[in-house]
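Structural features, examined
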Amino acid sequence: MSQRSSVLYNLINNPFVYRLIQKLMSGTSFRKKIVQKNIKNKKFIVNNLVISALKPKNSSDRRSVIHPETLNSLLKDGIEVIFESSIGDGVFVSDSDLVSLGAKKATREECLKNADFIFTLEPLETEEINKLSPGQNILGMIDPFNNTSQFLQACKKNVNLVSMEFIPRITRAQKMDVLSSQANLAGYAAVIEASNMLP
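All of these numbers come straight from a predicted model, not from anything done at the bench. (Residues numbered from 1 in each chain as written. Predicted model: local features only at pLDDT ≥ 70, side-chain atom pairs only at ≥ 80, totals over all residues. Heavy atoms only, no water.)

**Here's the deal with the pairing of strand β4 (residues 80–84)**
The buried fraction of β4 is high, at 4 of 5 residues. Where strand β3 (residues 50–53) and β4 come together, 4 bridges link them in parallel fashion. Residue Val50 lies in a different strand from β4, and its bridge partner there is Glu80. Handedness of the crossover joining β3 and β4 through helix α2 (residues 68–75): right-handed. Here β4 runs beside strand β5 (residues 104–106); their pairing, made up of 3 bridges, is parallel. Its bridge partner lying in β5, Ile82 is registered against Lys104. What joins β4 to β5 is helix α3 (residues 95–101), and the crossover it makes is right-handed. (Buried < 20%, exposed > 50% of the residue type's maximum accessible area, 1.4 Å probe, protein only. Helix = DSSP H or I, 4+ residues; strand = E, 2+ residues; numbered from the N terminus. Pairing = 2+ DSSP bridges. Right-handed = clockwise from strand over helix to strand, strands pointing away.)

Below, the structure is given as structure tokens:
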């Protein structure tokens, strides 16, 4: 399974995103959780940070925002990862595979309630945003142009909302370019599906 099949596969490994996270968390109840930067290793040391991964509600969307190939990079930095049950079924990864690496299985409601950062492949519903606490953060592919109401709702709740579709398509942010990676995967999938149709 390619790393690019996990949409946000190296989000936390990127120093640009660490700075973004620090900015988001400044002034919130979570700001002490990112405590220092290791200059020698050029890594941020993260304490008591919880990330949750949600699976798409659309059953035809078989992608996952986490994958065993990249989960270790989060856990080794002291980040707690919880995931919605059956999140990896579409990419042939069982819950037990993720749990064996150190992630924790949870319900969707627990993922929404207990995480500082919520990774998602689709917009959250209004009722779900209403359940969030001020200072929580949503990162993912949230279809911003067709779901502007979610921004207003998040603003009312004082929830930070980051659309990965708006990550600048520049060289230093290339690893986070979800639009290109997903278009690339769609092209490969289209060729495979077309080959299955050949006589």
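**Observations concerning the sheet that holds strand β7 (residues 137–140)**
Strand order in the open sheet made by the 6 strands is β5-β4-β3-β6-β7-β8, with parallel pairing throughout. Single-partner strands in this sheet number two, and they are β5 and β8 (160–163). The sheet shows a mean angle of 25 degrees between the axes of neighbouring strands, direction not considered. (Axes fitted to C-alpha atoms, helices over the stretch in contact; angles between N-to-C directions.)

**Here we look at the pattern of salt bridges**
Under the definition given, this model contains 7 salt bridges. Two residues, Lys105 and Asp95, come together in a salt bridge whose shortest N-O distance is 4.0 Å. One end of the pair, Lys105, is in strand β5; the other, Asp95, is in helix α3, with 10 residues separating them in the sequence. Residue Asp95 is classed as buried on the basis of its relative accessible area, which comes to 14%. Each of Lys57, Glu84, Arg108, Glu125 and Glu128 takes part in salt bridges that share partners, so that together they form one network. (Salt bridge = Lys/Arg side-chain N within 4 Å of Asp/Glu carboxyl O.)

**Things to note about the environment of Ile118**
Tracing the backbone through its elements, the reader meets Ile118 in strand β6 (residues 117–120). Owing to a relative accessible area of 0%, Ile118 belongs among the buried residues under this scheme. The sequence separation of Ile118 and Ser52 amounts to 66 residues, and the corresponding C-alpha distance is 4.9 Å. Once residues lying within four places of it in the same chain are set aside, the contact partners of Ile118 are Ser52, Leu54, Cys111, Leu112, Leu132, Gln136, Asn137, Ile138 and Leu139. (Contact = heavy atoms within 4.5 Å.)

**Brief notes about the packing of aromatic side chains**
On inspection of all chains with the given rule, the structure shows 1 aromatic pair. A centroid spacing of 5.5 Å and a plane angle of 75 degrees characterise the contact between Phe145 and Phe166, whose relative ring orientation is edge-to-face. Linking Phe145 in the loop between β7 and α6 (148–157) with Phe166 in the loop between β8 and α7 (178–197), this pair joins segments that are 21 residues apart in sequence. For Phe145, a relative accessible area of 69% corresponds to the exposed category. (Phe/Tyr/Trp six-rings, centres within 6.5 Å; stacked < 30°, edge-to-face > 60°.)

The values are spatial; any link to function lies outside them.
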